[in-house]
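Residue-level structural notes
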Amino acid sequence: MLTPSTDPDSTTAPDTPAGEACYPAMPCAIAPYVPHDAGMCLLDSVLRCDEHSLSADITPTPDNLFAEQNADGQAVIPAWVGLEWMAQAIAAWSGMQAARSDQPPRVGFLLGSRRYESEVAAFSCDCRWQIHVQLDYRADNGLGAFEATISDEHGTTVARAGVNVFEPAPEALSSAASTQAPAQESSPGQQDAAGASSQGNV
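Report on the accompanying structure. Every value quoted in this text rests on a predicted model; they were computed, and no experiment measured them.

1. Some thoughts on the sheet that holds strand S6 (residues 109–118)
Strand order in this open sheet of 7 strands is S1-S2-S3-S8-S9-S10-S6, and the pairing throughout is antiparallel. Each edge of the open sheet carries a strand with a single partner, namely strand S1 (28–29) and S6. On the sheet, helix H1 (residues 81–100) packs against S1, strand S2 (45–49), strand S3 (53–58), S6, strand S8 (129–138), strand S9 (143–151) and strand S10 (157–166) and is oriented at approximately 60° with respect to S8.

Set out below in structure tokens:
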């Protein structure tokens, strides 16, 4: 189990274990660390990362997948999308920890949030938003919890939540896939359901 860092702005681990690489130079592209198909990686870059936290940013554009028009005809991102931004920042944090051990990003699942609160009805497009996630705990069974915030370009926090995630061990996923294989072959409906479940990556 990990405990929170006392220095959330640190970008490198103070004592890197043998066999683990350092973090890349930052800011850096976030896509290599988030296991999502093209177009579903919503964040732009990683600003800072250490063993217990990560900060990322996004400047959404009017052609964003989730953009919609408000009453004034301006393109905005609905406030609820902020929870997905938080989840993807957590996924990037996990992906960066894996990369330090020369491992690919692992599949993770968003279990839920604790009191997602947003002080804005929507996030404006063409404005820069920063997402910060801080590890609360990470258990040996893959369960974890983070505190997450979203700040505007002036550094004012506009949204916050506690986020619960689950990252199963790779061998557990392999076992589950092999167990489901016969059912998938005999039932297209079950195969579709199994395929959809893999889209729950955080």
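2. Notes on the side chain of Ser94
Position of Ser94 relative to the elements: it lies in helix H1. Beyond its immediate chain neighbours, meaning those up to four positions away, Ser94 contacts Arg138 and Glu167.

3. Regarding unusual backbone geometry
The residue after Met26, namely Pro27, is reached through a cis peptide bond having omega 5°. Among the secondary structure elements, Pro27 is positioned in the segment before S1. With phi around 60°, Asp102 is a residue other than glycine that occupies positive phi space. Mapped onto the secondary structure, Asp102 falls in the loop between H1 and S6.

4. Some thoughts on the pattern of salt bridges
Per the stated rule, a full pass over the model turns up 7 salt bridges. Where Glu147 meets Arg114, a salt bridge forms, and the shortest distance between an N and an O atom there is 2.9 Å. Of this pair, Glu147 sits in strand S9 while Arg114 is found in strand S6, placing the two residues 33 residues apart along the sequence. Given a relative accessible area of 36%, Glu147 falls into the partly exposed group. Residue Arg114 is classed as partly exposed on the basis of its relative accessible area, which comes to 32%. The salt bridge involving Glu119 is made with Arg160; its shortest N-O contact spans 3.4 Å.

Here is what the cut-offs are and how they apply
In this convention, every chain numbers its residues from 1, walking through the sequence in written order. Local features in this predicted model are restricted to residues whose pLDDT is 70 or higher, and side-chain atom pairs enter the listing and the counts only when it is 80 or higher, whereas totals over whole chains, interfaces and linings include all residues. With hydrogens and water excluded, all non-hydrogen atoms of the structure serve as input to the side-chain values. Paired strands are those between which DSSP finds at least two bridges. Numbering goes from the N terminus for both helices and strands, where a helix is a DSSP run of H or I of at least four residues and a strand is a run of E of at least two. A contact between two residues is defined here by any heavy atoms of the two lying within 4.5 Å. Axes here refer to lines fitted to C-alpha atoms; in helices the fit is confined to the stretch in contact. Angles between the N-to-C directions go from 0 to 180 degrees. Throughout this description, the term salt bridge denotes a Lys or Arg side-chain nitrogen within 4 Å of a carboxyl oxygen of Asp or Glu. Here's how the labels work: a residue is buried when its accessible area is under 20% of the maximum for its type, exposed when over 50%, partly exposed in between, all with a 1.4 Å probe on protein chains only.

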